[in-house]
Amino acid sequence: MLNSLDLEGRPQDTRVVVAMSGGVDSSTTAALLKSEGYDVVGITLQLYDHGEAIHRKGACCAGQDIHDARTVADRIGIPHYVLDYESRFREQVIDSFATSYATGETPVPCIECNRSIKFGDLLATARELGAQALATGHYVSSRRLPDGSRALVCAADADRDQSYFLFATTREQLQFLRFPLGDMTKAQTRELARRFDLSVADKHDSQDICFVPTGRYTEVVGRLKPNAMEPGEIVDLDGRVLGHHQGIVHFTVGQRRGLGIASQAPLYVLRLEPATRRVVVGPRAALRMDRIWLRDVNWIGDSSLDLAVGDGLELYVRVRSTRRPQPAWLRAVDGEYQVDLVAGEDGVSPGQACVFYDAPEGQARVLGGGFIKSAEPRAANNAVIDPSAAVRPVAGAHG
C-alpha cells in the first residue's frame, strides 16, 4: 500500500526531512506532511554570513528566514535543525559564481545550489537521519514510471514552474525527492498556510540571489574577482572603439540602455571578452543564435543519453528560465552534444542552462539539460559567441 508520497508504509511510519528555507512554500510543505501524519523533520541550511543579510528583504536562508523556519517548526510541532553549510556553500556556489562571471559566463547559482548543496549534501544528511524521502517546496512534480523509476515534470502552475533550476537532478536523487506543491498554484499554497495558521502565510517570495545582501551582484564579483572590474573598451563588430567601460561585469548580453555611447542606430551588447576586457556591441539581428554546444549534460529521460539521441533527437529546449521551450534537435557530434534551434534565440549565453523537455507546455517531462558552452548563428557573417557572453544571473525562487 503506497502512501501520498508514493512510498510503502503508513505516514506515521515514514520519516520525511523537509528542507525549510523560512519561506511560505517550504513551510507549507512541512505543515501539509505533518497534517497527513508523517514523521517530519525540518532542516534549515545556514548558507552564508546571515549577519550581513539580516536586513535584506527577499533573501533566503538569512537570519530572519532561519527564525521564521524555527517558528513554523514550533507551530506545527516538529523537530528543527539548523546546519552550518557556509564553507561548502561558499566553495561550491559563491566562488564558482564569481569565477563564472570573471570568465565571461552567465552563472545560474540556484542550479548549482540545488545540485551540490540541497540535492547532494542535504539529501545525504536526510538518509543519515533515517528518512525515506527529502521534500522541498519547489514547484515541480515527480511521477512514478512503469519500471518503478521516477520522472521529473513541470509544475501545474506554469508561472511558478521551477524545472529549469532542477535539470541537473539525477535519477538516483529523484527516487528520494518529493515535491508536494507540484500540482498546486501559489494561491492554493498560501491558502493552506493560512489554514495551518503559519506566520509566513503572507511573506513575500525571495527574488534576489540569496547571498547578495545588497542586491548588487557586482559587489560580490568585484570582491572575489577584481579583474572582472578592470576598465576596457567598448567596440563594434569591426573592432572600432566606440567608448570605454569600468568593468565587463556591469554589462549583459542583449543590454541596450546604459552603454554610455552615442549611436544613430540602437546598439546591443553582443558578447563580453574577458581576455581583452572588451564589450562588443552591434545591431539586434546579431544577437540571434541557432546552434548551441553544451557541457556537463545530465540526462534523466528514458534509456541512456547516447541511445536516446541516436542520429538526432527532436525535443524542446529552454535557454533561459523566463522563456518558453522551443523545438530543437539534440545531436552527438565528435564526443560533444549540440542543440540546433529550429527558430533561433536571441542572446544565448555560455554558463546558462539549456534544459530539455518532451513537450512545449503543460506538465511536460524534463529530460535533462546541460550548461551552454558556446553558441553560433547560421549566418556566417555573425560573430560566434564563445564563453565570453554574459547576462545577469537568474535568481531562482526558493522553497
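None of these values were measured; they are calculated from a predicted model.

Rules used in this analysis
- Residues numbered from 1 in each chain as written.
- Predicted model: local features only at pLDDT ≥ 70, side-chain atom pairs only at ≥ 80, totals over all residues.
- Heavy atoms only, no water.
- Buried < 20%, exposed > 50% of the residue type's maximum accessible area, 1.4 Å probe, protein only.
- Helix = DSSP H or I, 4+ residues; strand = E, 2+ residues; numbered from the N terminus.
- Arc of directions from axis to C-beta.
- Contact = heavy atoms within 4.5 Å.
- Pairing = 2+ DSSP bridges.
- Salt bridge = Lys/Arg side-chain N within 4 Å of Asp/Glu carboxyl O.

(A) Main features of helix 7 (residues 186–195). Every buried residue of helix 7 is accounted for by Lys186, Thr189, Arg190, Leu192 and Ala193. Angular distribution of buried residues about the axis of helix 7 spans 155 degrees; they occupy a single face of the element. Opposite the packed face of helix 7, turned more than 90 degrees from it, sit the exposed residues Ala187 and Arg195. In this structure, the buried residues of helix 7 make contact with helix 1 (24–35). With its phi angle positive at about 60 degrees, Asp197 sits one or two positions after the end of helix 7.

(B) Broad picture of the sheet that holds strand 2 (residues 39–46). If you walk across this open sheet you meet the 5 strands as 3-2-1-4-7, and the pairing is parallel. Each edge of the open sheet is held by one strand with a lone partner, namely strand 3 (80–84) and strand 7 (177–178). The pairing of strand 1 (residues 15–19) with strand 4 (residues 133–135) spans 3 bridges and is classified as parallel. Within strand 4, the residue paired with Val18 across the bridge is Ala135.

(C) Representation of the environment of Cys110 within the structure. Relative to the elements of secondary structure, Cys110 occurs in helix 5 (residues 109–128). In sequence terms Cys110 and Asp334 are 224 residues apart; their C-alpha atoms lie 30 Å from each other.

(D) Up close: the pattern of salt bridges. All told, the structure shown has 34 salt bridges when counted by the stated rule. Salt bridges sharing common partners tie together Asp25, Arg160, Lys186, Arg190 and Asp205.

(E) A look at unusual backbone geometry. Its identity as a non-glycine residue notwithstanding, Arg277 has a phi of 60 degrees, on the positive side. Mapped onto the secondary structure, Arg277 falls in the loop between strand 10 (268–273) and strand 11 (278–282). Accessibility expressed as a relative area gives 33% for Arg277, which makes it partly exposed. The backbone phi angle of Asp296 is positive, close to 50 degrees, even though this residue is not glycine. Its location among the elements puts Asp296 in strand 12 (residues 288–299). Asp296 gets classed as partly exposed once you look at its relative accessible area, which sits at 47%.

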